[in-house]
Amino acid sequence: MPLGLGRRKKASPLVENEEAEPIRAGLNVPGLDGMDGGGVGLVDGATQEGLPPPPTNLRPRLIFHTQLAHGSPTGRIEGFSNVRELYAKIGEAFAIPPAEVMFCTLNTHKVDMDKLLGGQIGLEDFIFAHVKGQRKEVEVFKGEDALGLTITDNGAGYAFIKRIREGSIIHQIQVINVGDMIESINGQILIGCRHYEVAKMLKELPKGKNFYLKLVEPLKAFDMISQRSGARSGSGVQLGTGRGTLRLRSKGPATVEELPSAFEEKAIEKVDDLLENYMGIRDSELAATMVELGKDKKNPDEFAEALDETLGDFAFPDEFVFDVWGAIGDAKVGRF
């Protein structure tokens, strides 16, 4: 239903049937900017508005342990605020170009898409960096409208395969796997493209014709070679046990925050369900950002305006925005 704002309309970049799930690394959410400066800021609920940030030398040093997923000594990294800076720190730690890092998983070296590093890292999480391995070119016949892929991106210019639907066109091509980066489609280089741009391009390929994919698979350790899908595996040791998380942003410093409250957890789950129903994606980080934007708004029009300012590329329909607003309100009064 219309919200009465006269919101600007954009052609939705998300496409039906071809799913696209973003890693929400670096969403700039108003009200959560933390402290000034390029270091890591600490958000403290008791801090009074207007007080200057503490000197840099008094801010907490957050040090994370990391390894290359295919095997390496353990490195220590600190002082990053977004995914690009994280990859640069990993590159320094292991003397590799940052562009070699495809994505990271938390607390498991396996290509487990349920452990994919998003916009938040637990303060005790162990980071595994997956780097580029074998390149391959695959010819695919598009016999159906949907290829059966879920596309995500790493927040630093690489789109890759997050899930492959069982029985789909892509599932029948054994050489294509979860975790493969999509380097090009029919010769068009996709480095720097977002997940929804790649999904839209795949959707628009003509049915009944062949097309060519150039892929880069992550370098694997011996026990990862036979992995085919991104199903939940329960693998890896869960090291992150602390309540605090480091939230990464594309602008401004990273901030240390508490994990979501009970209200926020309920609202995030419901909004994630709505994302799947309306737009064919599931993304808890995106849902969390929407809940953060909406929890203090007084009416759905203010919420719609905040969504447009922060997440305008998604061009959410008015009906969806109204339902999300309702879900957040229900969570506030404990209706779930």
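Residues numbered from 1 in each chain as written. Predicted model: local features only at pLDDT ≥ 70, side-chain atom pairs only at ≥ 80, totals over all residues. Heavy atoms only, no water.

(A) Inspection of the overall build of the protein chain at higher detail. Looking only at helices and strands, one finds six helices and 14 strands in the protein chain. Sorting the 336 residues of the protein chain into buried and exposed places 51% on the buried side. If you sum the accessible surface of the protein chain, you get close to 15900 Å²; carbon and sulfur atoms cover 50% of it. (Helix = DSSP H or I, 4+ residues; strand = E, 2+ residues; numbered from the N terminus. Buried < 20%, exposed > 50% of the residue type's maximum accessible area, 1.4 Å probe, protein only. Areas by Shrake-Rupley, 256 points an atom, 1.4 Å probe, with all protein chains shown as cover.)

(B) Just the nonpolar core, in detail. Formed by 53 residues in total, the largest nonpolar core has its most connected members in I90, I127, I176, I185 and L202. Beyond its immediate sequence surroundings of up to four residues, I185 is in contact with L190, V198, M201, L202, L205, F211, Y212 and L213. Residues L275, L307, V321 and V324 belong to the second largest nonpolar core, which totals 25 residues. (Core = buried A, V, L, I, M, F, W, Y, C linked by side-chain atoms within 4.5 Å. Contact = heavy atoms within 4.5 Å.)

(C) Up close: the pairing of strand β5 (residues 101-106). Most of β5 sits out of view: six of its six residues are buried. Here β5 pairs with strand β7 (residues 127-141) via five bridges, running antiparallel. Counted as the bridge partner of T105 is F128 from β7. (Pairing = 2+ DSSP bridges.)

(D) A look at the side chain of T66. Relative to the helices and strands, T66 is located in strand β3 (residues 64-68). A distance of 2.9 Å separates a polar atom in the side chain of T66 from the backbone oxygen of I127. With residues near it in sequence (within four places) discarded, T66 still touches P73, T74, G75, I77, I90, F94, F126 and I127. (Polar contact = N/O pair within 3.5 Å; in protein donor to acceptor, adjacent residues only side chain to side chain.)

(E) Representation of unusual backbone geometry within the structure. Look at A95: it is not a glycine, yet its phi comes out positive at around 55 degrees. One can find A95 in the loop between α1 (83-94) and β5.

(F) Main features of the environment of I63. Following the sequence through the fold, I63 ends up in the loop between β2 (41-42) and β3. Judged by relative accessible area, I63 falls into the partly exposed class, the value being 26%. C-alpha of I63 to C-alpha of E78: the two residues are 15 residues apart in sequence and 4.8 Å apart in space. Not counting residues within four places of it along the chain, the set of residues in contact with I63 comprises R76, I77 and E78.

(G) Fine view of helix α6 (residues 318-332). The end-to-end C-alpha distance of α6 is 21 Å, a good match for the 21 Å that 15 residues give at a rise of 1.5 Å each. Among all positions in α6, only D318, F320, V321, V324, W325, A327, I328 and A331 are buried. (Expected span 1.5 Å × (residues − 1).)

(H) Structural context of the pairing of strand β9 (residues 159-164). The buried fraction of β9 is high, at five of six residues. Strand direction decides the pairing type here: strand β8 (residues 149-153) and β9, joined by five bridges, are antiparallel. Its bridge partner being in β9, I151 is matched across the sheet by I161.

(I) Looking closely at helix α5 (residues 300-311). Relative to the 16 Å expected for 12 residues at 1.5 Å per residue, α5 spans 15 Å between its end C-alpha atoms, a close match to the ideal helical length. At the N-terminal end of α5, a side-chain oxygen is found 3.1 Å from the backbone nitrogen of D301, two or three residues along, and the residue is N299.

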